Amino acid sequence: MEVTFFSVLALGFILGIRHAIEPDHVIAVSTIASQSKKLWNASLAGVFWGVGHTVTLFLVGLVVILMKNEIPEKWAMSLEFLVGIMLVYLGVKTILSFKNTFIHKHTHVHHHPNNREHEHHNKHKSTSYLGSMFVGFVHGLAGSGAMVLLTMGTVKNVDEAAIFILIFGVGTVIGMLLFTTIIGIPFVLSKKRRTVSGTFGLITGAISTVFGVYYMYNLGINEGLLNLWV
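Residues numbered from 1 in each chain as written. Predicted model: local features only at pLDDT ≥ 70, side-chain atom pairs only at ≥ 80, totals over all residues. Heavy atoms only, no water.

Draft legend 1. Broad picture of the confidence of the model for the protein chain. Put simply, the protein chain has an average pLDDT of 84, and 87% of its residues get 70 or more. With pLDDT under 50 throughout, residues 115-123 is counted as low confidence; its partners more than four residues away or in other chains account for four contacts. (pLDDT = per-residue confidence, 0-100. Contact = heavy atoms within 4.5 Å.)

This is the structure in structure tokens:
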């Protein structure tokens with residue numbers, strides 16, 4: 001029995017790593033990693049995403065499991081729809097950020113003393129990490145329905161469910177840490193060449209925006225979310 005449960009935990013860990021690199025996760029975190037000035041900033045953004053994602057999955061998943069219920073399809077799909085909205089927001093925000101880079105740099109250098117610049121930089125980093133954690137929260141909400149089904153079909157009691165979700169979460173943190181580190185390399189290396197960096201950023205923002213629109217259309221029309229509400 002013990003060996004079987006450890007096998008289940010190993011499966012959960014592997015599934016967590018795989019879950020981290022799903023397209024909507026990758027695209028969302030890429031928009032954050034694209035603005036990282038150092039590689040460890042990008043890596044930390046991935047860690048914060050994983051933490052936010054795990055916290056939501058753990059809390060929502062356990063509550064639903066304890067209630068011995070499932071999340072209604074309409075609500076599960078509506079939470080997924082939020083991901084599409086978020087992707088569009090992140091994409092547009094990234095595009096505007098890189099579009100205004102030169103203007104921001106010019107006014108920032110001429111109107112702020114060095115200590116204020118350092119303070120602004122630290123504030124920006126904190127905001128990015130919190131933003132990455134919030135993105136993880138939203139993804140966790142959207143995936144909570146599937147997580148509940150996976151957990152209920154894999155383990156036998158609430159204690160095992162809690163451990164399984166946490167191990168799954170550790171897998172997503174490690175998976176996203178590795179991915180954001182890799183995706184952050186070209187952005188960090190191109191920071192000194194603003195034209196290249198800006199091009200990468202604009203492409204990332206455009207991909208996020210287009211994918212977000214497609215994501216919402218697919219859920220709303222193809223999978224019938226609008227019909228469920230109307």
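Next comes the rest of the account.
Draft legend 2. Spatial organisation of the environment of Leu15. Within the secondary structure layout, Leu15 lies in helix H1 (residues 2-20). With 157 residues separating them in the primary sequence, Leu15 and Thr172 have C-alpha atoms 8.1 Å apart. Excluding residues that lie within four positions of it along the chain, Leu15 makes contacts with Leu150 and Phe168. (Helix = DSSP H or I, 4+ residues; strand = E, 2+ residues; numbered from the N terminus.)

Draft legend 3. Representation of helix H4 (residues 73-99) within the structure. For H4, with 27 residues, the first-to-last C-alpha span of 39 Å sits near the 39 Å given by 1.5 Å per residue. Residues of H4 that are buried: Ala76, Met77, Ser78, Val83, Gly84, Met86, Leu87, Val88, Leu90, Gly91, Thr94 and Phe98. (Expected span 1.5 Å × (residues − 1). Buried < 20%, exposed > 50% of the residue type's maximum accessible area, 1.4 Å probe, protein only.)

Draft legend 4. Structural view of the packing of aromatic side chains. Applying the stated criterion across every chain yields a total of five aromatic pairs. Consider the rings of Trp75 and Trp229, whose centres lie 5.3 Å apart with planes at 85°: the pair is edge-to-face. Of the two residues, Trp75 is situated in helix H4 and Trp229 in helix H9 (residues 225-229); the sequence distance between them amounts to 154 residues. Their ring planes at 50° and their centres at 6.2 Å tell us that Phe211 and Tyr214 sit as a pair that is tilted. With Phe211 and Tyr214 both in helix H8 (residues 194-222), this residue pair falls three residues apart, about one helical turn. With relative accessibility at 48%, the residue Tyr214 sits in the partly exposed group. Each residue in the set Phe211, Tyr214 and Tyr215 is aromatic and connected to the rest through ring pairs, giving one cluster. Sitting over the face of the ring of Trp229, Lys74 holds its NZ or CZ atom 4.3 Å from the ring centroid. (Phe/Tyr/Trp six-rings, centres within 6.5 Å; stacked < 30°, edge-to-face > 60°. Lys NZ or Arg CZ within 6 Å of the ring centre and 35° of its normal.)

Draft legend 5. Focus on the nonpolar core. Within the largest apolar cluster, 21 residues are counted, with the highest numbers of intra-cluster contacts made by Val83, Val135 and Met176. When residues of this core are traced back to their parent elements, those giving at least two are helix H2 (23-33), helix H3 (39-66), H4, helix H6 (114-152), helix H7 (158-189) and H8. With near-sequence residues (within four places) excluded, Val83 lies in contact with Asp24, Val138, His139, Ala142 and Tyr215. Val8, Met147, Ile165 and Phe168 belong to the second-largest nonpolar core, a separate cluster that totals 15 residues. (Core = buried A, V, L, I, M, F, W, Y, C linked by side-chain atoms within 4.5 Å.)

Draft legend 6. Quick look at the environment of Ser34. Mapped onto the elements, Ser34 comes out in the loop between H2 and H3. The exposure class assigned to Ser34 is buried, which follows from its relative accessible area of 0%. Along the backbone, Ser34 and Gly201 are 167 residues apart, and their C-alpha atoms lie at a distance of 5.9 Å. The contact partners of Ser34, leaving out residues within four places of it in the chain, are Thr94, Phe98, Phe187 and Lys191. In terms of polar contacts, Ser34 uses its side chain to reach the backbone carbonyl oxygen of Thr31, at 2.7 Å. (Polar contact = N/O pair within 3.5 Å; in protein donor to acceptor, adjacent residues only side chain to side chain.)

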